[in-house]
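For reference, the chains in residue letters:
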Amino acid sequence: MGELSARLNREGLDIEAAPVRSEQLGGLIARIADQTISNAIAKKVFDALWQGQGKSADEIIEADSHHAAPAHGDNKSDHAAPAHDAAKPEAAHH
């Protein structure tokens, strides 16, 4: 990941001293590969991992999804909303 190399260079660190562990980086790459997040969001998640704001990429993504309003109709949380409505008794009768 180019962001890792850039950050290591900027901070003057060797890979062994990076605050992001290989497991965390692997989890982040997996979320890019399965298109859970975009490259732009991945950079934000990487930054949060670097700063120690979460134990994993999934934890940061999940926490962010609870705080962010969907900007586009392609947000995966948009697809989950009907399931919540269907669970409500008044929605089931309509």
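Throughout what follows, the structure given in this document is the object of discussion. (Residues numbered from 1 in each chain as written. Predicted model: local features only at pLDDT ≥ 70, side-chain atom pairs only at ≥ 80, totals over all residues. Heavy atoms only, no water.)

## Thoughts on helix H3 (residues 39-50)
Given a rise of 1.5 Å per residue, 12 residues ought to cover 16 Å, and the 16 Å separating the end C-alpha atoms of H3 matches this to within 8%. Within H3, burial applies to Ala42, Val45, Phe46, Ala48, Leu49 and Trp50. On its buried face, H3 sits against helix H1 (2-11), helix H2 (22-33) and helix H4 (57-67). Phi for Gly52, located one or two positions after H3, is positive at around 75°. (Helix = DSSP H or I, 4+ residues; strand = E, 2+ residues; numbered from the N terminus. Expected span 1.5 Å × (residues − 1). Buried < 20%, exposed > 50% of the residue type's maximum accessible area, 1.4 Å probe, protein only. Contact = heavy atoms within 4.5 Å.)

## Focus: the packing of H1 against H3
Remark: H1 packs on H3, axes separated minimally by 11 Å, with the N-to-C direction vectors making an angle of 45°. Considering the angle they form, H1 stands oblique to H3. Considering only the axes of H1 and H3, their crossing is right-handed. Residues Glu3, Leu4, Arg7, Leu8 and Glu11 of H1 lie in contact with H3, whose contacting residues are Lys43, Phe46, Asp47 and Trp50. (Axes fitted to C-alpha atoms, helices over the stretch in contact; angles between N-to-C directions. Parallel < 35°, antiparallel > 145°, perpendicular 65-115°, else oblique. Left-handed = near helix turned anticlockwise from the far one by under 90°.)

## With respect to the pattern of salt bridges
Within this structure, the stated rule accounts for 6 salt bridges. Residue Arg21 is joined to Glu23 by a salt bridge in which the shortest nitrogen-to-oxygen separation is 3.3 Å. Glu23 gets classed as exposed once you look at its relative accessible area, which sits at 55%. The closest approach of N and O atoms between Asp58 and Arg31, which form a salt bridge, is 2.6 Å. Placement of Asp58 in helix H4 and of Arg31 in helix H2 is noted, with a sequence separation of 27 residues between them. Ionic contacts of the salt-bridge type, sharing partners, join the residues Glu3, Arg7, Arg10 and Asp47 into one network. (Salt bridge = Lys/Arg side-chain N within 4 Å of Asp/Glu carboxyl O.)

## Topic: the packing of aromatic side chains
Evaluated as defined, the whole model comprises 1 aromatic pair. With centroids separated by 5.8 Å and ring planes inclined at 45°, the aromatic side chains of Phe46 and Trp50 adopt a geometry described as tilted. Placement of both Phe46 and Trp50 in helix H3 is noted, with a separation of 4 residues, approximately one turn of the helix. Here the two residues Phe46 and Trp50 agree in accessibility, since each one is buried. Taking the ring centre of Trp50 as reference, the NZ or CZ of Arg7 above it sits at 5.3 Å. (Phe/Tyr/Trp six-rings, centres within 6.5 Å; stacked < 30°, edge-to-face > 60°. Lys NZ or Arg CZ within 6 Å of the ring centre and 35° of its normal.)

## A short note on the environment of Ala48
Mapping Ala48 onto the fold places it in helix H3. Residue class for Ala48 comes out buried when judged on its relative accessible area of 7%. Sequence separation of Ala48 and Ile60 is 12 residues, and the distance between their C-alpha atoms is 7.4 Å. Excluding its chain neighbours within four sequence positions, the residues that come into contact with Ala48 are Gln53, Gly54 and Ile60.

Note that all results are geometric; they support no functional claim without further evidence.
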